[in-house]
Amino acid sequence: FFFLMIRRPPRSTQSRSSAASDVYKRQVHGGMYHESEIHYLYLPDLKVSHVHQFDERYFGEGCDLATFPSGQSQIVMLTWQERDMFVFDTNMNLQKTVPLPSPIREGWGLTHRIDIENGTPVLNYYVSDGTEIIYVMDSVNFTVKRKIPIFDKNNQPRDYLNELEFIEGRLWANIYLTNMIAVINIETGQVEEFIDFTELVQYADQLYRQKGLGSLPHDRCLNGIAYDAKSKHLYITGKKWHFVAEISLN
């Protein structure tokens, strides 16, 4: 892969990580207790709309806007140890709250893909819980269909899988508390490549120091992947970073 940084726009301090929706907007969620919310962040002017704030007892985690083969769309947001999932319509009206299915330990990362099952296109969610397992979850009744162990080229399990995004047929996953994103062949579970974003983390550290906040804390790590398939642009960010990096993927 070849990366070209094309801009580093400012970012709302309330936003913690992001997930792709479409070319015009991203839905962004804020994590941490007492601070969690979800809203639309419009590109490129970074206007915010449709803000939904959560009760202080919730720690917001992965969120995803997905469109069913029928054309209907919904937004799902995970919570961390509370293990509740919030389902919204595209106007950010809460439709229901459902529990995370029991095999999934905690709510971490979330993305989706249209899979072909018995010749029929089906929307499935892909969920991480901080272990080496990616869970394939039904998008209607929210049950686990199957579990996919993830391993590297040395056949070693790769845990701490966090934020997820499908990009050009591969599942990209932040490795929590590192500067690395794993590129995974989800059909086999093998990590095909690790991409090092140390330079971007160093830039975030530089901004922290410029603001008089000292060095970037260890837990303010790389954590957020979004992708626009039309432009082939990535949007990368981290926990409590005040910017999103827009990157060209070739």
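Our subject is the structure that appears above.
Below: a short report on this structure.

### A word on the overall build of the protein chain
Link 1 in the chain: Looking only at helices and strands, the protein chain features 1 helix and 20 strands.
Link 2 in the chain: Counting the 250 residues in the protein chain, one finds 52% classified as buried.
Link 3 in the chain: If you sum the accessible surface of the protein chain, you get close to 11300 Å²; carbon and sulfur atoms cover 49% of it.

### Quick notes on the nonpolar core
Link 1 in the chain: Trp172, Phe197, Leu200, Leu222, Leu234, Ile236 and Trp241 are the most contacted members of the largest nonpolar core, which totals 22 residues.
Link 2 in the chain: For this core, the elements supplying multiple residues, two or more each, are β16 (180-185), α1 (198-210), β18 (222-228), β19 (233-238) and β20 (245-249).
Link 3 in the chain: Considering each element in turn, this core owes the most residues, 5 residues, to α1.
Link 4 in the chain: Ignoring anything within four residues of it in the chain, the contact list for Leu222 reads Asn174, Thr178, Asn179, Met180, Ile181, Phe197, Leu200, Val201, Ile236, Thr237, Gly238 and Trp241.

### Let's talk about the sheet that holds strand β13 (residues 144-149)
Link 1 in the chain: With antiparallel pairing, the 4 strands of this open sheet are ordered in space as β10-β11-β12-β13. The outermost strands of the open sheet, each flanked by one partner alone, are β10 (110-117) and β13. Strand-to-strand twist in this sheet, taken as the mean axis angle between neighbours without regard to direction, amounts to 30°.
Link 2 in the chain: For strand β11 (residues 120-128) and strand β12 (residues 133-138), the ladder comprises 5 bridges, and the chain directions are antiparallel. Across the sheet, Tyr126 pairs through a bridge with Val136, a residue of β12.

### Some details on the pairing of β13
Link 1 in the chain: Relative to β13, β12 is paired through 5 bridges, and the arrangement is antiparallel. Among the inter-strand pairings, Tyr135 is bridged to a residue of β13, identified as Lys147.
Link 2 in the chain: The loop that links β12 with its antiparallel partner β13 comprises 5 residues; one of these, Phe142, has a positive phi angle of about 55°.

### Some thoughts on the environment of Gln53
Link 1 in the chain: Here Gln53 shows up in strand β5 (residues 47-53).
Link 2 in the chain: When the C-alpha positions of Gln53 and Ser36 are compared, they lie 6.2 Å apart, and in sequence the two are 17 residues distant.
Link 3 in the chain: Residue contacts for Gln53: discarding those within four places in its chain leaves Ser36 and Glu37.

### Focus: the packing of aromatic side chains
Link 1 in the chain: Taken as a whole, this structure holds 13 aromatic pairs when the rule is applied.
Link 2 in the chain: Centroid distance Tyr33 to Trp80: 6.4 Å. Interplanar angle 40°. Geometry classified as tilted. Of this pair, Tyr33 sits in the loop between β3 (25-30) and β4 (37-42) while Trp80 is found in the loop between β7 (73-79) and β8 (84-88), placing the two residues 47 residues apart along the sequence.
Link 3 in the chain: Taking relative accessible area as the criterion, Trp80 reaches 25% and is therefore assigned partly exposed.
Link 4 in the chain: Seen from their ring centres, Trp108 and Tyr176 are 5.4 Å apart, and the 80° between their planes marks the pair as edge-to-face. In this pair, Trp108 is assigned in the loop between β9 (94-99) and β10 and Tyr176 in the loop between β15 (170-175) and β16, connecting sequence segments 68 residues apart.
Link 5 in the chain: Among the aromatic side chains, those forming a connected cluster through ring pairs are Phe54, Tyr58, Phe86 and Phe88.

### Some words on the sheet that holds β16
Link 1 in the chain: Strand order across the open sheet formed by 4 strands is β14-β15-β16-β17, with antiparallel pairing between neighbours. The open sheet terminates on both sides in strands that have one partner only, identified here as β14 (161-167) and β17 (190-196). Put simply, the sheet's adjacent strands are angled 25° from each other on average, direction ignored.
Link 2 in the chain: Relative to β16, β15 runs antiparallel, the two sharing 4 bridges.

Analysis parameters
Residues numbered from 1 in each chain as written. Predicted model: local features only at pLDDT ≥ 70, side-chain atom pairs only at ≥ 80, totals over all residues. Heavy atoms only, no water. Helix = DSSP H or I, 4+ residues; strand = E, 2+ residues; numbered from the N terminus. Buried < 20%, exposed > 50% of the residue type's maximum accessible area, 1.4 Å probe, protein only. Areas by Shrake-Rupley, 256 points an atom, 1.4 Å probe, with all protein chains shown as cover. Core = buried A, V, L, I, M, F, W, Y, C linked by side-chain atoms within 4.5 Å. Contact = heavy atoms within 4.5 Å. Pairing = 2+ DSSP bridges. Axes fitted to C-alpha atoms, helices over the stretch in contact; angles between N-to-C directions. Phe/Tyr/Trp six-rings, centres within 6.5 Å; stacked < 30°, edge-to-face > 60°.

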